[in-house]
Structure formats: structure tokens, C-alpha cells
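# Structural overview
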Amino acid sequence: VTESLDVADFVLIACEELGENVDDVTATTALPIAHLALLRPFEQIGGEEAFGPLAMKAAVLYSTLVRYQPLTGRGTADHRAVAFRCVAELLERNGFAIDLSAESSPEDLARLLVGVAEGIHEDEVLAQWLHENMAPKAGR
Amino acid sequence: VDEEVTVERYRTMSIRLPQDLADLLEAIARADDKSMAEEVREAVAAHVRKRAKDTRLRERLEDQAVRYRRVVERLREA
């Protein structure tokens, strides 16, 4: 069973990334929208998971968060950064980390994330990159 | 004369609650002499603060901030 994130996780990740406190981020987050975005990777169709593999769930989580923009009054850069941090936590919570050991990996991944946010790339392209560049975390 | 303007960043939203939970929320708000919206905001913040005490999660997030710093920097520059 894939472990998911909830709104409390989302707010904490946003606090960490934005350097703000819990009360301020809670007051300015559209919590129902964040909740819907966090659930979307786990949607089912006819009893089957719509987005089965973990990498696909992570890609759908990213694209949904950048589209729904639950952080009220924030700019695009904040939404992208927090959405990516949610992807990283979703993967790690399920025993995987993104391997960025190749010199070009951070740039490649960032370019891909921007492309998905701007609708240039489909979620599947990000999912494929993550699938090829994620590795089980040590000790799992 | 400069006028100091305070902007509170709030977003208005409606939520659906089961009748018994809505009654309970109303009763608590009345007893606390607060609005139901205040009670909901405080409940959510309390839930998040409770989660924030999960030191493993906090440490993991701090570790991720370091490991994925280059990706986030480039995302913010784009």
C-alpha cells in the first residue's frame, strides 16, 4: 500500500520550504483544495488505481498541486517548489529517493518540472524520468 | 502622511459537515465565545502543530531541503 500525504504534511512541507510558521501557512492555504490535490494520485476507476506506479502517483501529485495552487496569494515559483518538495516526501515516505548524482540531473529535473507546470510535458514524461532516476533508500 | 495598511491573507470557503459535527462545532464556538470559523482555523492549526512535533518528519524535510536544493533553486529561477 502506498503511503500518501495529508494536509498537515502539506502545510509542514510548505512551512519548511517557505520559511514561515504553521499558523500563517495554515491561514493562507486553501485546505480543501490541498486535500483534493493530495488525494488525486490515489483516485480509483472501477476499483482499480488510476495511477498505479509510485512514479506516476508522484508526477500526478506534482502536476495537480501546481494546477490547483492551494497556497493562496503565492507566486508560481512557490507553488512549483512546494509541489516538488511534496513529490520528494511522497517518494521517501514510500522508501525511495531521487538520485541526483549525475551532474546534469538537477537541471534536467527542474526543466522537466517547469515543462509539466507549463503544460509542455505530460505527467507521463515526468513519471518516466522519476522511474528511471529513483532508487530505494538505504536501510529499506 | 504614509498610511499603514494591514492586509490579512484569508480565503473564504464553505465546508460541509455532518449535522452532529456542525452542532458540536456551534456549541464549542458559543462556549468559547468565538466564531465557528475561528474554531475551525484553530483546530486545523492545532492538528498541523501536533504533526510538527514528529521529529522524524521534520528531520527528513530538513535533509531533503539540502539534498534537493539545486532542483528547487533552478525551479525558482525558471
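Quick caveat, the model's predicted, so the values are computed rather than measured. (Residues numbered from 1 in each chain as written. Chains lettered and ligands numbered in written order. Predicted model: local features only at pLDDT ≥ 70, side-chain atom pairs only at ≥ 80, totals over all residues. Heavy atoms only, no water.)

### Comments concerning the overall build of chain A
What chain A contains, in helices and strands, is seven helices and four strands. Along chain A, from the amino end to the carboxyl end, the secondary structure elements read α-α-α-β-β-α-α-β-α-α-β. A compact globule built from 140 residues would reach a C-alpha radius of gyration of about 14 Å, and chain A, at 15 Å, matches this within 12%. In terms of principal-axis extent, the alpha carbons of chain A reach across some 40 × 40 × 35 Å. The long-range fraction of contacts in chain A, counting pairs at least 24 apart against all pairs at least 6 apart in sequence, stands at 70%. Mean positive and mean negative side-chain charge positions of chain A (10 and 23 charges, respectively) differ by 1 Å. (Helix = DSSP H or I, 4+ residues; strand = E, 2+ residues; numbered from the N terminus. Rg over C-alpha atoms; globule rule 2.2 N^0.38 Å. Contact = heavy atoms within 4.5 Å. Lys, Arg positive; Asp, Glu negative; His and termini not counted. Charge placed at Lys NZ, Arg CZ, Asp CG, Glu CD.)

### Structural notes on the overall build of chain B
From N to C terminus, chain B includes four helices and zero strands. Of all 78 residues assigned to chain B, the portion counted as buried reaches 17%. Surface summary for chain B: the accessible area is close to 6400 Å², and the carbon and sulfur share equals 50%. (Buried < 20%, exposed > 50% of the residue type's maximum accessible area, 1.4 Å probe, protein only. Areas by Shrake-Rupley, 256 points an atom, 1.4 Å probe, with all protein chains shown as cover.)

### Here we look at the packing of aromatic side chains
For the structure on display, the rule yields one aromatic pair over all chains. Pairing A:Phe84 with B:Tyr68 gives two aromatic rings, centres 5.6 Å apart and planes at 85°, and the pair type is edge-to-face. Taken together, the positions of A:Phe84 in helix H5 (residues 76-93) and B:Tyr68 in the loop between helix H3 (55-67) and helix H4 (69-77) put the pair across two chains. With respect to burial, A:Phe84 and B:Tyr68 carry one shared label: buried. (Phe/Tyr/Trp six-rings, centres within 6.5 Å; stacked < 30°, edge-to-face > 60°.)

### Thoughts on the interface of chain B and chain A
Across the contact, 26 residues belong to chain B and 44 residues belong to chain A. Carbon and sulfur atoms make up 62% of the area that chain B and chain A hide from each other, which totals about 3200 Å². Run the count over chain B and chain A and you get ten salt bridges. The partner of A:Asp78 in a salt bridge is B:Arg76, and the shortest N-O contact between them spans 2.7 Å. Where chain B touches chain A, the interface holds 15 residue pairs in polar contact (both at pLDDT 80 or more). Of all the secondary-structure elements, those providing two or more residues to the side of chain B that touches chain A are helix H2 (36-52), H3 and H4 of chain B. For the side of chain B that touches chain A, the class distribution of residues is 14 nonpolar, two polar and ten charged. (Buried area = accessible area lost by both parts, 1.4 Å probe. Salt bridge = Lys/Arg side-chain N within 4 Å of Asp/Glu carboxyl O. Polar contact = N/O pair within 3.5 Å; in protein donor to acceptor, adjacent residues only side chain to side chain. Nonpolar A, V, L, I, M, F, W, Y, C, P; charged D, E, K, R; others polar.)

### Describing helix H1 (residues 7-18) of chain A
In this model H1(A) runs 16 Å from its N-terminal to its C-terminal C-alpha over twelve residues, within 8% of the 16 Å that 1.5 Å per residue would give. Most of H1(A) sits inside the fold, with eleven of its twelve residues counted as buried. (Expected span 1.5 Å × (residues − 1).)

### Points about the packing of H1(A) against H2(B)
In the contact formed by H1(A) and H2(B), the axes pass within 9 Å of each other and the chain directions differ by 70°. Taken together, H1(A) and H2(B) sit at an angle that is classed as roughly perpendicular. Across the interface between the two elements, A:Ala8, A:Asp9, A:Val11 and A:Leu12 of H1(A) pack against B:His47, B:Val48, B:Arg51 and B:Ala52 of H2(B). For the contact of H1(A) with H2(B), the per-class residue count stands at five nonpolar, one polar and two charged. (Axes fitted to C-alpha atoms, helices over the stretch in contact; angles between N-to-C directions. Parallel < 35°, antiparallel > 145°, perpendicular 65-115°, else oblique.)

### Focus: the pattern of salt bridges
For the structure shown, the criterion picks out 24 salt bridges over all chains. With its nearest N and O atoms 3.3 Å apart, the salt bridge here joins A:Asp108 to A:Arg111. Pair noted here: A:Asp108 and A:Arg111 are both in helix H6 (residues 105-117), with a separation of three residues, about one helical turn. With a relative accessible area of 29%, A:Asp108 lands in the partly exposed category. What you see here is one network of salt bridges that share partners, running through A:Asp6, A:Asp9, A:Glu89, A:Arg93, B:Arg51 and B:Arg60.

### A word on the packing of H6(A) against H4(B)
Contact pair H6(A) / H4(B): the axes reach a minimum separation of 8 Å and the direction vectors enclose 45°. As far as their axial angle goes, H4(B) and H6(A) are oblique. Taken as a pair, H6(A) and H4(B) cross one another with a handedness that is right-handed. Facing A:Pro106, A:Glu107, A:Leu109, A:Ala110, A:Leu113 and A:Val114 of H6(A), the residues of H4(B) in contact are B:Arg70, B:Val71, B:Arg74 and B:Leu75. For the contact of H6(A) with H4(B), the per-class residue count stands at seven nonpolar, no polar and three charged. (Left-handed = near helix turned anticlockwise from the far one by under 90°.)

Geometric descriptors of this kind do not, in isolation, establish any biological role.
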